[in-house]
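Survey of secondary and tertiary structure
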Amino acid sequence: GTSDKDGASSTEFSSRIVTPLSSKLSADFTFRFIDSMTEIDDGSFADNPHRKNYLTQAETGTTLRWEPLSFWSQSLSGRYMYLSRKDYAPLAQDGNASDYRFDSSSQELEWRNLITVTSINRITAGIDVSRETGSSFGYGISTYGTSVSQFPEKSASTTGLFANDFLEIMRYMTISAG
């Protein structure tokens, strides 16, 4: 982790493990974590040691790769990500205060196939399914009054099929359609 003179700090960790499970099967595991706090100056760029911005993010993923035939490989990947942001300024002498929060998460699953037709022609095809969820809440107090902003948790899901034909004509010239 790191810290700065104005109180900003950050703790980060990431790792990746790739392991062969057999001659035609391998697994890849990833993890990343960030926890940080920064001081946000006021609009006049005056130092405000009480106004803080917090960020927490965690992400993990797994990919299994399989090569059933010499010209065909597959991968199945899953990923999860969580993000939380908070901007906080306690009640100051000027009567201003704020507290804004945002939380989100996403999950993704992908199955991908790579077929080598010839040494210059590869086809990629698969399916991708994802879901994202998020919510936010905030309030502010100022000389203009009090404001409240709330967005309850909402989510969106997507599913996509994809196919791409990649043709390498020359070393520096490729054609791709999908």
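Structure: see above.
These lines cover the structure that appears in this document, whether it is placed above or below.

The rules behind each value
- Residues numbered from 1 in each chain as written.
- Predicted model: local features only at pLDDT ≥ 70, side-chain atom pairs only at ≥ 80, totals over all residues.
- Heavy atoms only, no water.
- Phe/Tyr/Trp six-rings, centres within 6.5 Å; stacked < 30°, edge-to-face > 60°.
- Buried < 20%, exposed > 50% of the residue type's maximum accessible area, 1.4 Å probe, protein only.
- Lys NZ or Arg CZ within 6 Å of the ring centre and 35° of its normal.
- Pairing = 2+ DSSP bridges.
- Helix = DSSP H or I, 4+ residues; strand = E, 2+ residues; numbered from the N terminus.
- Salt bridge = Lys/Arg side-chain N within 4 Å of Asp/Glu carboxyl O.
- Polar contact = N/O pair within 3.5 Å; in protein donor to acceptor, adjacent residues only side chain to side chain.

As for the packing of aromatic side chains
A ring pair, where both rings are aromatic, is described by two values, the distance of the centres and the angle of the planes. On inspection of all chains with the given rule, the structure shows two aromatic pairs. Measuring from centroid to centroid gives 6.4 Å for Trp 66 and Trp 72, while their planes differ by 55°, and the two rings are tilted. With a relative accessible area of 25%, Trp 72 lands in the partly exposed category. The positively charged end of Lys 86 is found above the aromatic ring belonging to Tyr 88, 5.0 Å away from the centroid.

Some remarks on the pairing of strand 5 (residues 72-89)
Sheet analysis places strand 4 (residues 52-69) next to strand 5, joined by 16 bridges and oriented antiparallel. In the strand pairing of strand 5, Tyr 54 is matched with Lys 86. Hairpin connection of strand 4 to strand 5: two residues between the antiparallel strands. With 18 bridges connecting them, strand 5 and strand 6 (residues 97-118) associate as antiparallel partners. Pairing of Ala 89 across the sheet is with Ser 98, part of strand 6.

Looking at the pattern of salt bridges
Per the stated rule, a full pass over the model turns up six salt bridges. Close ionic contact of Arg 16 with Asp 28 constitutes a salt bridge, the shortest N to O distance being 2.7 Å. Remark: Asp 28 occurs in strand 3 (residues 25-39) and Arg 16 occurs in strand 2 (residues 9-20); sequence separation between them is twelve residues. The salt bridge involving Arg 101 is made with Asp 99; its shortest N-O contact spans 2.9 Å. For Arg 101, a relative accessible area of 39% translates into the label partly exposed. Salt bridges sharing partners connect three or more residues here, namely Arg 16, Asp 28 and Arg 65.

Some points on the side chain of Ser 10
The topology assignment puts Ser 10 in strand 2. A distance of 3.1 Å separates the side chain of Ser 10 from the side chain of Glu 12, its partner in a polar contact.

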